[in-house]
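Summary of the model geometry
Spelled out from the first residue to the last, the chains are:
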Amino acid sequence: MRVRKKNIKGLTEAELREVLTSLGVEKYRARQIMEWIYARGAGDFSAMTNLAKPLREKLSEHLYIAQLREVTRQISHKDGTVKFLFALEDGQTVETVLLRHDYGHSVCVSTQVGCAMGCSFCASGLGGLVRNLTAGEIIDQVLAVQNYLKQEDQRVSSVVIMGSGEPLTNYDNVLRFMALLHWPYGLNIGYRNMTVSTAGVVPGIDRLSMENLPITLSISLHAPHDQLRSALMPVNHTYPIAVLLAACDRYTARTNRRITYEYSLIAGVNDRAEHARQLANLLAGRLCHVNLILVNAVVERGYEPPAAERVGKFQDILKRRGIETTVRKEMGGDIDAACGQLRRRILSAEANH
């Protein structure tokens, strides 16, 4: 009878100890194995040379370490941004982006295959939600980029959970992923170097506020009033702006952490001076930072970014009102850098073929 192997990618140290105990293997081996996976990027037990050969063979009989398969990658000639398309074990695909900054290398990870949020300016949700990613599948994206950076003698220094999917509707896997990312014997990335972006799922925000983690919370706001936000983001029908901001206030009160509000500027839609004034009124007195983003031109959506002059005026209005504001530097503009674009293009090509 063929033994069905268990994937150990994504298990905590305590969980791996239990698995090893069931196989008659010493508990202390769990840390050694996880160090090989998360610190050294090992994808097979045969690489774990400080384990005796009979033990490696035994582990290989019962366990395995799942690996993403790289389908394709795009590299920006402008700024070195790299977008990867990875295939999962079931054949589904997800996108991951390496962003190069003066202060280090950041990885933008996806948490779901597709997305259920249905935001009108985003390519991720065009095909709807397929499924949640496991914690192992999320951290595997970071490990794959880390392995890519090894050839440059560089490493991942921060992670943003802003790729395809809504992190707070995959809460348990995202929390487990962050714990594995922080594990001191592995990647050892500090919680302060992690950012979680949400479309505004209020129960998830409240739950996250109780975790006592010094992460950065980023809110995809994109509109200063309910009528416009509901048109852009269907989640606003369930959690309108007043309800969302009340949750954000609770988050700040419990964590004393500044919240980032993301605002994608769309030409002729939400980029007028009156929108900037309304946004300033909305955020006045709050511990926050506004990150203005030039919307990515997604063919299926028909949106375009505004002219630089209009962006500057919008930012000036916020700054004069005391709202700390930056314009996100456009990265990967010459590749399919926006969430969902590369996956969508590959799926369309396969369908046409």
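The notes below deal with the structure included here. (Residues numbered from 1 in each chain as written. Predicted model: local features only at pLDDT ≥ 70, side-chain atom pairs only at ≥ 80, totals over all residues. Heavy atoms only, no water.)

1. As for the pairing of strand E3 (residues 69–75)
Working note: regular strand, side chains alternate between the two faces of the sheet. The pairing of E3 with strand E4 (residues 82–87) spans six bridges and is antiparallel. Within E4, the position partnered with glutamine 74 by the bridge is lysine 83. (Pairing = 2+ DSSP bridges. Helix = DSSP H or I, 4+ residues; strand = E, 2+ residues; numbered from the N terminus.)

2. So, the sheet that holds strand E10 (residues 194–198)
Here we have 10 strands laid out as an open sheet, ordered E3-E4-E5-E6-E9-E10-E11-E12-E13-E14, and mixed in their pairing. Two strands lie at the open edges of the sheet, namely E3 and strand E14 (325–327), each paired on one side alone. In this sheet, adjacent strand axes meet at a mean angle of 25° when their direction is disregarded. When E4 meets strand E5 (residues 93–101), the two strands line up antiparallel, connected through six bridges. Opposite alanine 87, over in E5, you have threonine 93 as the bridge partner. Taken strand by strand, helix H5 (residues 171–182) contacts strand E9 (156–161) and E10, and its axis lies near 175° from that of E9. Its contacts with the sheet put helix H9 (residues 241–255) on strand E11 (216–220) and strand E12 (259–265), and the angle it makes with E12 is roughly 145°. (Axes fitted to C-alpha atoms, helices over the stretch in contact; angles between N-to-C directions. Contact = heavy atoms within 4.5 Å.)

3. Re empty space enclosed by the protein
Applying the stated rule across the entire model yields one cavity of 30 Å³ or more. Approximately 30 Å³ is the volume found for the largest cavity. As for the largest cavity, its lining consists of Leu168, Tyr171, Val174, Leu175, Met178, Val196 and Leu208. With four residues, the top contributor of residues to the lining of the largest cavity is H5. For the lining of the largest cavity, the residue count by class is seven nonpolar, no polar and no charged. (1 Å grid on protein atoms, 1.4 Å probe; cavity = no way out; pocket = protein on both sides within 12 Å on 5 of 7 lines; lining within 4 Å. Points joined across faces, edges and corners; volume = space filled by probe spheres on them. Nonpolar A, V, L, I, M, F, W, Y, C, P; charged D, E, K, R; others polar.)

4. Re the pattern of salt bridges
According to the stated counting rule, one finds 18 salt bridges in the structure shown. Salt-bridge contacts for glutamate 70 lead to arginine 73; the nearest nitrogen and oxygen are separated by 2.7 Å. Owing to a relative accessible area of 37%, arginine 73 belongs among the partly exposed residues under this scheme. With its nearest N and O atoms 3.7 Å apart, the salt bridge here joins aspartate 206 to arginine 254. Placement of aspartate 206 in helix H6 (residues 202–209) and of arginine 254 in helix H9 is noted, with a sequence separation of 48 residues between them. For aspartate 206, a relative accessible area of 19% puts it in the buried group. (Salt bridge = Lys/Arg side-chain N within 4 Å of Asp/Glu carboxyl O. Buried < 20%, exposed > 50% of the residue type's maximum accessible area, 1.4 Å probe, protein only.)

5. Thoughts on the packing of aromatic side chains
By convention here, two paired aromatic rings are described through the distance between centres and the angle between planes. In total, this model carries five aromatic pairs according to the counting rule given. Summarising the aromatic geometry, the rings of phenylalanine 84 and phenylalanine 86 are spaced 5.4 Å apart at their centres and angled 10° between planes, so their arrangement reads as stacked. One exposure class covers both phenylalanine 84 and phenylalanine 86, and it is buried. Taken together, the ring pairs connect Tyr38, Trp183 and Tyr185 into an aromatic cluster. Here the basic side chain of arginine 40 rests over the ring of tryptophan 36, its NZ or CZ set 4.1 Å away from the ring centre. (Phe/Tyr/Trp six-rings, centres within 6.5 Å; stacked < 30°, edge-to-face > 60°. Lys NZ or Arg CZ within 6 Å of the ring centre and 35° of its normal.)

6. Quick notes on the layout of surface pockets
Think of a ball as big as a water molecule: rolled over the atoms, this probe shows where empty space is left. As a volume, the second largest pocket reaches approximately 310 Å³. What lines the second largest pocket is a set of 21 residues, and nearest its centre among them are Gln67, Asp140, Leu143, Ala144 and Asn147. Broken down by secondary-structure element, the contributors of at least two residues to the lining of the second largest pocket are helix H2 (29–38), E3, E4 and helix H4 (135–150). Sort the elements by how many residues they give to the lining of the second largest pocket and H4 lands first, with seven residues.

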